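A look at the structure
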Amino acid sequence: MATVSTPTRSIEIPDGFRLHTENTSHILLSSDEAFLNPVQEFNRDTSIACIRVWSEELNRTKEERWGMMQLRKSQKKPKSGKAKSAAEEISTSTSSDVMAVDPSEKQVVDDSVAERPSTSSTNCPAYKPYKFTILEALSATGLRSIRYAKEIPLVKYVIANDLSPAAVEVMKRNILLNGLLEDSSTAEQSISKAPQGKIQVNEGDACTLMYNHREEKKRVDVVDLDPYGTAAPFIDSAVQAVADGGLLCVTCTDLSVLATTNFPEKCFSNYGGVPVKAEYCHEAALRLVLHTISTSAGRYGRYIEPLLSLSIDFYVRLFIRVHSSPMEVKKALVKNSTFYVCTTCQSYYEQPFGKMLSKTHEKSGHTNLIFKTRAGPLVTGKCPECESNLHVGGPMWSGPLHDRDFVGKVLEHIEESESHYGTAARMKETSPARRLLAKEPLVEADFTHHPESPSALETVKLVRYQDNPKNWGPAKKAAITKPDLKRKRSAETLEEPPAKH
């Protein structure tokens, strides 16, 4: 048994195990108990940043509503000398007071933050920050759940699930190692019992667990899907388990299906669409996954709002806010399209499934939305640009991939908490892609056909590669004809020595 010293304490490592550390979280791993990909640290860092920003925005919205409700109450029942103090209490309750945690501190946030007492008035209650729940359907080692519980201040608890009994035992051991229990007495229990503290361990099928949370009062605020391969089998249950306005985090690692045309039948069976072969195939992969989530959510009167969609290395990662609204579900008709893609010049032509018209009533001023089918096809069988064949892609999501305000807040948070993320360099504004996209174009291209451009050369049909002349290149292997074969056999007969008697 070896001992490793960390900045906070010493950890004993049993024989046959190794210690893996990310930020302030530590887990013990053996060779065959559960799967962990260290490369996915960037995925976990990005997820923590996005969920933390989302939770702060959700808490700020709930605080504003609470403040308005308290203000209305104080106006309905004014009391002498106390109405003013109530209003002052509301105005001083800002979002900066909600986060009673220094972002530079890497520790578990105690639930005592929610019990903040009122300082200015005993009659007006103090706002309690909203604590939210996370369900990680496929936890494996539990590292992601452990980091969520330790690094996101407003987390109430995390449900960490896995179907494998061995993985569940690994999770329990790692949760004990990181001290995420309700009290010290629980820490003395054997690892055969699931600790029910900041992380609640569940052993079972991921879809069954999420279906058990589809009732409105049982829904969780965040559902995280990070499978090995496609997330398609889990999407239907996930869109039902997440609360209204909650966050759905989805990872798919099967880019060989999503971003190539090698397996169109597999892509169609998983995502209900066909991929494209073009330089923007990874964006198409994101849109195929969003189409699947949108159609799955629409069956239950829910619609999606993509906050951040990323194609990273060998996988895609999406952060999607899920809402409930029958009217918004109807708008999905104009946010999903089929695309005709030219594989030669890569031009694409969008064919939406429908169109949305607005009609305002003259007397009431109420606006009605009318949905109609769309005429098509928009293009002929050949590409209008190069007259090559067009291939069909989709259907896929044609709406926005990101929410610019949300992305800006995530980047701002990362800049302020750079030391919290080991892969912060990949998320900051210094990335080459962001620098290139931020530059203004120096030349504005004008593709208008110039009237004097036709010349004699255009009347001659030129080819890209000239025809090969006759007898060009290596000749075929010489073949033996029948007369040659007879002469060869006669020569062999003459050369044979006489037989000995």
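Because the structure is a prediction, the values reported are computed rather than measured.

**Here we look at the overall build of the protein**
The helix and strand tally for the protein stands at 15 helices and 16 strands. Within the protein, counting contacts between residues at least 6 apart in sequence, those at least 24 apart form 64% of the total. For the protein, the accessible surface area stands at approximately 29,500 Å², while carbon and sulfur atoms represent 53% of it.

**Observations concerning the packing of helix α9 (residues 264-271) against helix α10 (residues 281-298)**
Taken N-terminus to C-terminus, the directions of α9 and α10 make an angle of 35 degrees; their axes are 9 Å apart at the nearest point. Between α9, through Cys267, Asn270 and Tyr271, and α10, the contact on the second element is made entirely by Leu288, Val289, His291 and Thr292. Residue composition of the contact of α9 with α10, by class: four nonpolar, three polar and no charged.

**As for α10**
Compared with the 26 Å implied by 1.5 Å per residue over 18 residues, the 25 Å span of α10 between its first and last C-alpha is a close match. Of all 18 residues in α10, 14 are buried; the element is thus mostly enclosed.

**Some points on the pairing of strand β11 (residues 315-324)**
With respect to burial, β11 is a largely interior element, nine of its ten residues being buried. Of the strand pairs in this sheet, strand β9 (residues 242-252) and β11 are connected by seven bridges, and their pairing is antiparallel. For Cys249, the partnering residue across the bridge sits in β11 and is Phe319. Counting the residues in the hairpin turn of strand β10 (residues 302-312) and β11 gives two residues, including Asp313, whose phi is positive at 50 degrees.

**Side note on the packing of aromatic side chains**
Tallied over the entire structure, the rule returns five aromatic pairs. Taken together, a centroid distance of 5.4 Å and an interplanar angle of 85 degrees make the contact between Trp54 and Phe132 edge-to-face. With Trp54 in helix α1 (residues 41-76) and Phe132 in strand β5 (residues 132-136), this pair connects stretches of sequence that are 78 residues apart. Across this residue pair, the class does not change: Trp54 and Phe132 are buried.

**Topic: the environment of Ile312**
One can find Ile312 in strand β10. Residues within four places of Ile312 in sequence aside, it is in contact with Phe42 and Arg426.

**A word on the sheet that holds strand β8 (residues 220-225)**
Reading across from one edge, β7-β6-β5-β8-β9-β11-β10 is the order of the seven strands in this open sheet, with mixed pairing throughout. The sheet terminates laterally at β7 (199-203) and β10, the two strands that pair on one side only. Here the average twist between neighbouring strands, direction ignored, is 15 degrees. Two elements, β5 and strand β6 (residues 155-162), share five bridges in a ladder whose sense is parallel. From the neighbouring strand, Ile134 faces β6, where its bridge partner is Val158. Where α1 meets the sheet, it contacts β5, β8, β9, β10 and β11, and its direction lies at approximately 20 degrees from that of β11. Contacts from α10 reach β9, β10 and β11 within the one sheet, and its direction differs from that of β10 by about 160 degrees.

**Points about the sheet that holds strand β12 (residues 336-342)**
The three strands lie next to each other as β13-β12-β16, forming an open sheet whose pairing is antiparallel. Because the sheet does not close on itself, it has two edges, and the strands there are β13 (348-352) and β16 (390-397). Neighbouring strand axes in the sheet, compared pairwise and without regard to direction, differ in orientation by 25 degrees on average. The pairing of β12 with β16 spans six bridges and is antiparallel. Of the residues in β16, the one forming a bridge with Tyr340 is Val392. Running over the sheet, α10 touches β12 and β16 and is turned about 50 degrees from β16.

**Focus on the pattern of salt bridges**
For the structure shown, the criterion picks out 16 salt bridges. In this structure, Arg144 and Asp226 form a salt bridge, with 2.9 Å as the shortest nitrogen-oxygen distance. A residue pair is termed long-range when its members are at least 10 positions apart, and Arg144 in helix α4 (residues 143-151) and Asp226 in the loop between β8 and α7 (232-241) qualify at 82 residues. A relative accessible area of 4% means that Arg144 is categorised as buried. Through salt bridges with shared partners, a single network forms among Glu22, Arg44, Asp45, Arg147 and Glu151.

**Considering the side chain of Arg147**
Relative to the helices and strands, Arg147 is located in helix α4. Residue Arg147 is classed as buried on the basis of its relative accessible area of 1%. Residues contacting Arg147, with those up to four places away along its chain left out, are Glu22, Asn23, Ser25, Glu41, Arg44, Asp45, Ile48, Ile152 and His420.

**Quick word on unusual backbone geometry**
Most of the time, phi is negative for any residue but glycine, and the peptide bond is trans. With an omega of 0 degrees, the peptide bond running from Gly376 to Pro377 counts as cis. With respect to the helices and strands, the residue Pro377 is situated in the loop between β15 (367-373) and β16. Omega for the bond connecting Gly394 with Pro395 falls within 30 degrees of zero, at 5 degrees, which places this linkage in the cis form. The phi dihedral of Asp313 is positive, around 50 degrees, even though this residue is not glycine. With respect to the helices, strands and loops of the structure, Asp313 is situated in the loop between β10 and β11. Even without a glycine there, the phi angle at Glu387 is positive, about 60 degrees. Looking at where Glu387 falls in the secondary structure, it is placed in the loop between β15 and β16. Judged by its relative accessible area of 63%, Glu387 falls in the exposed class.

Rules of the game
Residues numbered from 1 in each chain as written. Predicted model: local features only at pLDDT ≥ 70, side-chain atom pairs only at ≥ 80, totals over all residues. Heavy atoms only, no water. Helix = DSSP H or I, 4+ residues; strand = E, 2+ residues; numbered from the N terminus. Contact = heavy atoms within 4.5 Å. Areas by Shrake-Rupley, 256 points an atom, 1.4 Å probe, with all protein chains shown as cover. Axes fitted to C-alpha atoms, helices over the stretch in contact; angles between N-to-C directions. Nonpolar A, V, L, I, M, F, W, Y, C, P; charged D, E, K, R; others polar. Expected span 1.5 Å × (residues − 1). Buried < 20%, exposed > 50% of the residue type's maximum accessible area, 1.4 Å probe, protein only. Pairing = 2+ DSSP bridges. Phe/Tyr/Trp six-rings, centres within 6.5 Å; stacked < 30°, edge-to-face > 60°. Salt bridge = Lys/Arg side-chain N within 4 Å of Asp/Glu carboxyl O.

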